[in-house]
Amino acid sequence: MATANKNLSAYDKTTIPSAKDLRFGIVVSEWNEAITEGLYDGAMEALLDCGANAENIIRWNVPGSFELTFGAKKMIESKKVDAVIAIGSVIQGETKHFDFVCSATAQGIMDLNVRTQVPVIFCVLTDNNMQQAIDRSGGKHGNKGAEAAIAAIKMANLG
Ligand SMILES: Nc1c(NC[C@H](O)[C@H](O)[C@H](O)CO)[nH]c(=O)[nH]c1=O
Ligand SMILES: CC(=O)[C@@H](O)COP(=O)(O)O
């Protein structure tokens, strides 16, 4: 189902475990800051709505989405967290750089999920233009940050 056919912010709290005792790391890319701040706000709102305590949420910034993997890895190695949310916004420019940043970031985050015991949630928008990013970070299609927060709670409770 494409994003256009669902609301990224929709969730049923009755189906989600409490986040009360969970510790979260959130690594935020500074590229396309207006978008990533919107994603962060959506993630925080959903985490708190599901019972998380603000003092149990650690935020680090990194320069761009390519650095999210290192930031999440360092967070896992140095902080006791139950899940990490990696937030980024990659928007197509004139060159193929978009392809390399998106694939490297996705692969790097997947590698962390394979190699570590801490789930890392891929909250990285990969859009053709700014309007698509706006629509998915609190606009007409909801907020991918909220979707990522719910995924983080569920994965932290897995097993
Ligand atoms: N163009 C975008 C970037 N590019 C920067 C890279 O992520 C990286 O910081 C740089 O190549 C240095 O290693 N990053 C985004 O997050 N979004 C973009 O649209
Ligand atoms: C995703 C990017 O790195 C891209 O926005 C950079 O723009 P350009 O491809 O025009 O250099």
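Treat the numbers as computed from the prediction; the structure is a model and nothing was measured. Here the residue numbering is sequential within each chain, running from 1 through the sequence in written order. In the order they appear in the text, chains get letters beginning with A and ligands get numbers beginning with 1. Under the rules for a predicted model, residues below a pLDDT of 70 receive no local features and side-chain atom pairs below 80 are neither given nor counted, while totals for whole chains, interfaces and linings still include all residues. Side-chain descriptors were evaluated using all non-hydrogen atoms of the structure, hydrogens and water having been removed beforehand.

1. Observations regarding the UniProt feature "active site" (unreviewed entry) in the protein chain
- UniProt positions are given in the numbering used here, feature names are shortened, and annotations may be inferred rather than shown by experiment. UniProt annotation of "active site" (unreviewed entry) refers to His97 when read in the numbering used here.
- Secondary structure elements are taken from DSSP: a helix is a run of H or I of four residues or more, a strand is a run of E of two residues or more, and numbering for both begins at the N terminus. Its location among the elements puts His97 in helix H3 (residues 97-115).

2. Let's talk about the pairing of strand S1 (residues 24-29)
- The cut-offs for exposure are 20% and 50% of the maximum accessible area for each residue type, with area from a 1.4 Å probe on protein chains only; residues under the lower value are buried, those over the upper are exposed, and the others partly exposed. With six of six residues buried, S1 is to be regarded as a mostly interior element.
- On S1, burial covers both faces: Phe24, Ile26 and Val28 on one face and Gly25, Val27 and Ser29 on the other are all buried.
- Pairing between two strands requires that DSSP report at least two bridges joining them. Alignment of S1 against strand S2 (residues 57-62), held across six bridges, turns out to be parallel. When the bridges of S2 are listed, Ser29 appears paired with Val62.
- Viewed with both strands pointing away, a crossover whose connecting path from the first strand over the helix to the second turns clockwise is right-handed. Read from S1 through helix H1 (residues 33-49) to S2, the crossover connection turns out right-handed.
- The pairing of S1 with strand S3 (residues 83-91) spans five bridges and is parallel.

3. Considerations on the site of ligand 1
- Near ligand 1 the following residues occur: Ser29, Trp31, Asn32, Gly64, Ser65, Phe66, Glu67, Ser89, Val90, Ile91, His97 and Val101.
- Whenever two N or O atoms come within 3.5 Å, that pair is a polar contact, provided that in protein one can donate a hydrogen and the other can accept it, and provided that, for residues adjacent in sequence, both atoms are side-chain atoms. Contact between ligand 1 and Asn32: an oxygen atom at 3.3 Å from a side-chain N or O atom of the residue.
- In this structure, Phe66 approaches ligand 1 through a main-chain N or O atom, which is 3.1 Å from an oxygen atom.
- When ligand 1 is considered free in solution it has 440 Å² of accessible area, and contact with the protein chains removes 77% of it.
- When residues of the shell around ligand 1 are traced back to their parent elements, those giving at least two are S3 and H3.
- Each residue gets one label: Ala, Val, Leu, Ile, Met, Phe, Trp, Tyr, Cys and Pro are nonpolar, Asp, Glu, Lys and Arg are charged, and the others, such as Gly, are polar. Of the residues contributing to the shell around ligand 1, the split by class is five nonpolar, six polar and one charged. Proximity is defined per residue: any heavy atom of the residue falling within 4 Å of a molecule or strand makes that residue near it. Only the protein chains shown count as cover for residues, and all accessible areas are computed by the Shrake-Rupley method using a 1.4 Å probe.

4. Structural notes on the sheet that holds S3
- The strand order S2-S1-S3-S4 describes an open sheet built from four strands, whose pairing is parallel. Looking along the sheet, the strands with just one partner apiece sit at the ends: S2 and strand S4 (120-127). Neighbouring strand axes in the sheet, compared pairwise and without regard to direction, differ in orientation by 15° on average.
- Strands S1, S2, S3 and S4 of the sheet are contacted by H1, whose axis makes an angle of about 150° with S3.
- Seen against the sheet, helix H5 (residues 144-156) touches S1, S3 and S4 and runs at an angle of roughly 160° to S4. Every axis corresponds to a line fitted to the C-alpha atoms, with the helix fit spanning only the stretch in contact, and the corresponding angles, defined between N-to-C directions, vary from 0 to 180 degrees. A contact between two residues is defined here by any heavy atoms of the two lying within 4.5 Å.

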